[in-house]
Amino acid sequence: MTDIAYTGRADLDSLTVAIREVFEPGAGAIRKAIGHPAAPLLAESLIVLIRARLEAIARLAEGVVTEDELRRARHAHLVAYAEYAIQQPSYTAHAPSAMPDMYEPVTAETMLVNSCGHLLTILGINALNPQRTVGFAAVPAPRIVFEVR
């Protein structure tokens, strides 16, 4: 992980082995998932996240990300994050007892703090899997409003 931070490059095969050894020690071919069945965390999820962010960083550094890609990423984020916000209480209710904060609550602060990571992830996922953007594009963007209490 440190090498990725300094070089922007990753040996994803070695990283996958290392993450699986930590996440699923002795599991062999069996994949372990934790959390809510609709939003499980798998070792592969971390690799997908890293790969997507590296792809987005590379595309941004090369200056090849278009305005249309940014709009699609924003739309996909709004749709996916609104769905997460709706489901988050249920996800949290099914979080492992050892990880009660696994599913972060949706607040204006968490949205702001995580916005760059979300943008990188969505840009990267859209670049690696352009067919996924079609499904998100068909869903109207939600209007998210935060109440001050």
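Computed from a predicted model, the values in this text were never measured in an experiment.

Q: Would you take a moment to explain the environment of leucine 46 for this structure?
A: Positionally, leucine 46 belongs in helix 3 (residues 43-62). The class of leucine 46 is partly exposed, set by a relative accessible area of 30%. Leave out the neighbours within four places in its chain, and leucine 46 touches Ile19 and Leu41.

Q: How do you make sense of the confidence of the model for the protein when you look at a structure like this?
A: Segments scoring low in pLDDT should not have their predicted coordinates read at a detailed level. On average, residues of the protein score 85 in pLDDT, and 94% of them are at 70 or above. For the protein, the element scoring lowest by mean pLDDT is helix 6 (residues 130-137), at 75; helix 5 (residues 108-128) scores highest, at 92.

Q: What exactly am I supposed to notice about the side chain of threonine 110 here?
A: Its location among the elements puts threonine 110 in helix 5. With a relative accessible area of 13%, threonine 110 lands in the buried category. At 2.9 Å, the side chain of threonine 110 and the backbone nitrogen of threonine 107 are in polar contact. Setting aside chain neighbours within four positions, we find threonine 110 in contact with Tyr81, Glu104 and Pro105.

Q: What's the story with the packing of aromatic side chains in this structure? I'm lost.
A: Working definition: an aromatic ring pair is given by the centre-to-centre distance plus the angle between the planes. Evaluation of the coordinates by the stated rule reveals 3 aromatic pairs. On the basis of an interplanar angle of 45° and a centroid distance of 5.2 Å, the ring pair of tyrosine 91 and tyrosine 103 is categorised as tilted. A residue pair is termed long-range when its members are at least 10 positions apart, and tyrosine 91 in helix 4 (residues 67-93) and tyrosine 103 in the loop between helix 4 and helix 5 qualify at 12 residues.

Procedures and definitions
- Residues numbered from 1 in each chain as written.
- Predicted model: local features only at pLDDT ≥ 70, side-chain atom pairs only at ≥ 80, totals over all residues.
- Heavy atoms only, no water.
- Helix = DSSP H or I, 4+ residues; strand = E, 2+ residues; numbered from the N terminus.
- Buried < 20%, exposed > 50% of the residue type's maximum accessible area, 1.4 Å probe, protein only.
- Contact = heavy atoms within 4.5 Å.
- pLDDT = per-residue confidence, 0-100.
- Polar contact = N/O pair within 3.5 Å; in protein donor to acceptor, adjacent residues only side chain to side chain.
- Phe/Tyr/Trp six-rings, centres within 6.5 Å; stacked < 30°, edge-to-face > 60°.

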